[in-house]
Amino acid sequence: MAESHFDNIEKIENDLWDAADELRANSKLASSEYFLPVLGIIFLRHAANRFDTVTKQIEEDQASGKMPRRAVKKIDYLKRGALWLPEISRWQYIVSPPDKPHADLRSVVFEAMEAIEQEYPEQLQNVLPKEYGGFGKTVFDDLIRIFNREILNTVSGDVFGRINEYFLMKFATAAAYDDGEFFTPPSLVQTIVNVIEPEHGIVFDPACGSCGMFVQSSYFIRRLGLDTAKRVVFKGQEKTATTIRIGKMNLAVHALSGELHETNTFYNDSFELAGKCDFLMANPPFNVDRVDAEKVKIDIRLPFGLPGINAEKKVSNANYLWISYFWSYLNPTGRAGFVMSSQASNAGNQEKEVRRKIVETGDVDVMIAIRSNFFYTRSVPCELWFFDRGKPEERRDRVLMIDARNVYRKVTRKIYDFSPAQEMKLTAIV
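Worth saying up front: this structure is predicted, and the values here are computed from it rather than measured.

A. Molecular detail of the pairing of strand β1 (residues 201–205). Both β1 and strand β2 (residues 232–238) contribute to a ladder of five bridges, which runs parallel. For V203, the partnering residue across the bridge sits in β2 and is F234. Direction of pairing for β1 relative to strand β4 (residues 277–282): parallel, over a ladder of two bridges. Each bridged residue has a counterpart across the sheet, and for V203 the counterpart in β4 is F279.

B. Molecular detail of the pattern of salt bridges. A full pass over the atoms with the stated rule returns 24 salt bridges. Notably, a salt bridge pairs K297 with E294, separated by 2.9 Å at the nearest N-O pair. Close ionic contact of R409 with D417 constitutes a salt bridge, the shortest N to O distance being 2.7 Å. Taking relative accessible area as the criterion, R409 reaches 12% and is therefore assigned buried. Among the ionic contacts, a cluster of salt bridges with common partners joins E114, E117 and K130.

C. Inspection of the sheet that holds β1 at higher detail. Sheet architecture is open: eight strands sit in the order β3-β2-β1-β4-β7-β9-β8-β10, paired in mixed fashion. With one partner strand each, in any of the chains shown, β3 (259–262) and β10 (400–403) form the two edges of the open sheet. In this sheet, adjacent strand axes meet at a mean angle of 10° when their direction is disregarded. By the bridge criterion, five bridges tie β4 to strand β7 (residues 330–341) in an arrangement that is parallel. Across the sheet, the residue bridging to C277 is L330, located in β7. Helix α10 (residues 212–223) contacts β1, β2, β3 and β4 of the sheet and is inclined by roughly 165° relative to β2. Contacts from helix α14 (residues 319–329) reach β1, β4, β7 and β9 (382–388) within the one sheet, and its direction differs from that of β7 by about 155°.

D. Geometry of the nonpolar core. Counting 61 residues, the largest nonpolar core has L143, F147 and F167 as its most contacted members. Secondary-structure elements contributing two or more residues to this core are α1 (9–25), α2 (31–64), α4 (91–95), α5 (105–119), α7 (137–146), α8 (157–170) and α12 (241–253). Sort the elements by how many residues they give to this core and α2 lands first, with 14 residues. In contact with L143, other than residues within four places in its own chain, are A20, L23, Y34, V38, I41 and F135. Among the nonpolar cores identified, the runner-up in size contains 38 residues, and V189, V215, Y219 and L256 belong to it.

E. Focus on a nonpolar patch on the surface. Nonpolar side chains collect at one region of the surface, where L400, I429 and V430 lie side by side and expose about 230 Å² of accessible area between them. Looking at the secondary structure, you find L400 in strand β10. Look at L400 and you get partly exposed, because its relative accessible area is 31%.

F. View of the packing of α2 against α5. At a closest axis distance of 12 Å, the pairing of α2 and α5 adopts a crossing angle of 65°. The two elements α2 and α5 cross, and the hand of that crossing is left-handed. Note on element contacts: α5 touches α2 through V109, M113 and I116, opposite G40, I41, F43 and L44. Here the contact of α2 with α5 is composed, by residue class, of six nonpolar, one polar and no charged.

G. Representation of the packing of aromatic side chains. One pass over the full model with this rule turns up 17 aromatic pairs. With centroids separated by 5.9 Å and ring planes inclined at 45°, the aromatic side chains of Y132 and F135 adopt a geometry described as tilted. For the residue pair Y132 and F135, the accessibility class agrees, reading buried in each case. Taken together, the ring pairs in this structure connect F266, Y320, W322, F326, F338, W385 and F387 into an aromatic cluster. Sitting over the ring of Y267, K295 keeps its end group 5.1 Å from the ring centre. Seen from the ring of Y325, R301 lies directly overhead, with NZ or CZ sitting 3.9 Å from the centre.

H. Structural detail: the confidence of the model for the chain. Per-chain confidence: the chain averages 89 in pLDDT, with 93% of residues scoring 70 or above. Taken as a whole, residues 173–177 scores under 50 in pLDDT and shows 13 contacts with residues more than four places along the chain or in a different chain.

I. Broad picture of the side chain of Q216. Looking at the secondary structure, you find Q216 in helix α10. Residue classification places Q216 among the buried residues on the basis of a relative accessible area of 8%.

J. Fine view of the packing of α5 against α7. Where α5 meets α7, the axes come as close as 9 Å, and the angle between the chain directions of the two elements is 60°. Regarding the angle of α5 to α7, the classification is oblique. Here L105, R106 and V109 of α5 come into contact with α7, specifically with K137, F140, D141 and I144. Residue classes in the contact of α5 with α7 are distributed as four nonpolar, no polar and three charged.

Procedures and definitions
- Once a new chain begins, its residue numbering starts again from 1 and follows that chain's sequence as written.
- Restriction of local features to residues with pLDDT of at least 70 applies here, the model being predicted, together with a cutoff of 80 or more for giving and counting side-chain atom pairs; totals for whole chains, interfaces and linings are based on all residues.
- Excluded from the side-chain calculation are hydrogens and water; included are all heavy atoms of the structure.
- If DSSP finds at least two bridges between two strands, the strands pair.
- Each helix is a run of H or I in the DSSP string that is no shorter than four residues. Each strand is a run of E no shorter than two, and both are numbered from the N terminus.
- What counts as a salt bridge is simple: a side-chain nitrogen of Lys or Arg found within 4 Å of a carboxyl oxygen of Asp or Glu.
- With a 1.4 Å probe rolled over the protein chains alone, any residue whose accessible area is under 20% of its type maximum counts as buried; one over 50% counts as exposed, and the rest are partly exposed.
- Note on geometry: axes are C-alpha line fits, over the in-contact stretch for helices, and angles between N-to-C directions span 0 to 180 degrees.
- We call two residues contacting when some pair of their heavy atoms lies within 4.5 Å.
- Think of a nonpolar core as a cluster: buried Ala, Val, Leu, Ile, Met, Phe, Trp, Tyr and Cys residues, connected wherever their side-chain atoms sit within 4.5 Å.
- Surface patches are drawn from residues lacking salt bridges whose relative accessible area is over 30%; two like charges belong together within 9 Å, two nonpolar side chains (Val, Leu, Ile, Met, Phe, Trp, Tyr) within 5 Å.
- Throughout, the Shrake-Rupley method with a 1.4 Å probe supplies accessible areas, and for residues the shown protein chains are the sole cover considered.
- Should the near helix be turned anticlockwise from the far one by less than a right angle, the crossing is left-handed, and should it be turned clockwise, the crossing is right-handed.
- Charged residues are taken to be Asp, Glu, Lys and Arg, nonpolar residues to be Ala, Val, Leu, Ile, Met, Phe, Trp, Tyr, Cys and Pro, and polar residues to be all remaining types, Gly included.
- Pairing of aromatic side chains requires ring centres within 6.5 Å, counting the rings of Phe and Tyr and the six-membered ring of Trp. Pairs whose planes differ by under 30 degrees are stacked, by over 60 edge-to-face, and all others tilted.
- As a reminder, the over-ring test applies to NZ of lysine and CZ of arginine, requiring each to be within 6 Å of the ring centre and within 35 degrees of the ring normal.
- Per residue, pLDDT measures the predictor's confidence, with a range of 0 to 100.
- Oblique is the label for any angle not covered by the other classes, which are roughly parallel (under 35 degrees), roughly antiparallel (over 145) and roughly perpendicular (65 to 115).

Written out as structure tokens, the structure is:
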């Protein structure tokens, strides 16, 4: 992504949030009731921007002869990573429906969501937020105006991703999500994609959250000139229905499909994918300490044994459950990239024993240390771990370790990421 895409992003985020939160304060809705409908408006705005961008691309390609002059089809949009939108679901119609000049915008948005679900029933049936009855008409009209600002007409999908992430963070309540665990910074996801190159077969995320791993994988595949739908199958697991809905919305707005299961990965391999995945990508919740050891002690995904167990028969820290699971999901040539707490690489006691066994497989390929402040919701540093079950024999006793803690650029005063040039350098090293 170009650095200019993030010009004024901090101000855009703050202005949008301050305006939306002021409306919430003037409504009768709690944050937990407000956040999904607002994310639904962001979805509509994002989908409309992508639709308009692709429409312009198609017109230019037809004018230049790169594309035949014919009626444009839905597939033309899907191939370019955008949803084809029915007229009543396009942003300009929603803001000012020409055939309904005095319409209640709440009903207009409801009908827009219904039309999109009917157009894409397999991906979106009963997924999009339509719970707008609790908004007063004035409050809802003002909400639409907030997201109708001129500055949002031309921003990229990367910026909408940041806006979405920012709103998720701001809505951080127990009813919304746990510890901001379901949005991974795009630059970290991009780094994982650059290293493992997920361009074929089964791509699995057992803590899929908002499905950012799948979105970035599709960008990578398209850059290769390939068709994502023909190359990979996306499968994900998440533990809450709300998060599944957000993940499906994120996939849909990028014209992607994937199979998502609502389940707790600590206890369930609902797709029965152990030993079958070509690629695994994940950003699991760190340092979970309440996993029931009795329920997982004979799990086939734990070939290296359990890490430490406390007096209550709980796994004292689940980081190495995740790490063991990730290794176990891979087929004999599979590759994995995942975000992990920095504590895991030097943990002692039984965790150290599990780590020794994993290293002795020869499948640990790369580790990258990341500084703090890459996440909106976590200020702690982290590490990127990479497995390669098909690593060449001559490299099986070697692990590439990169200290990237001094590699970053400032996006805002509190948030850092990698610039495109920095991502390229890290990839070149690997």
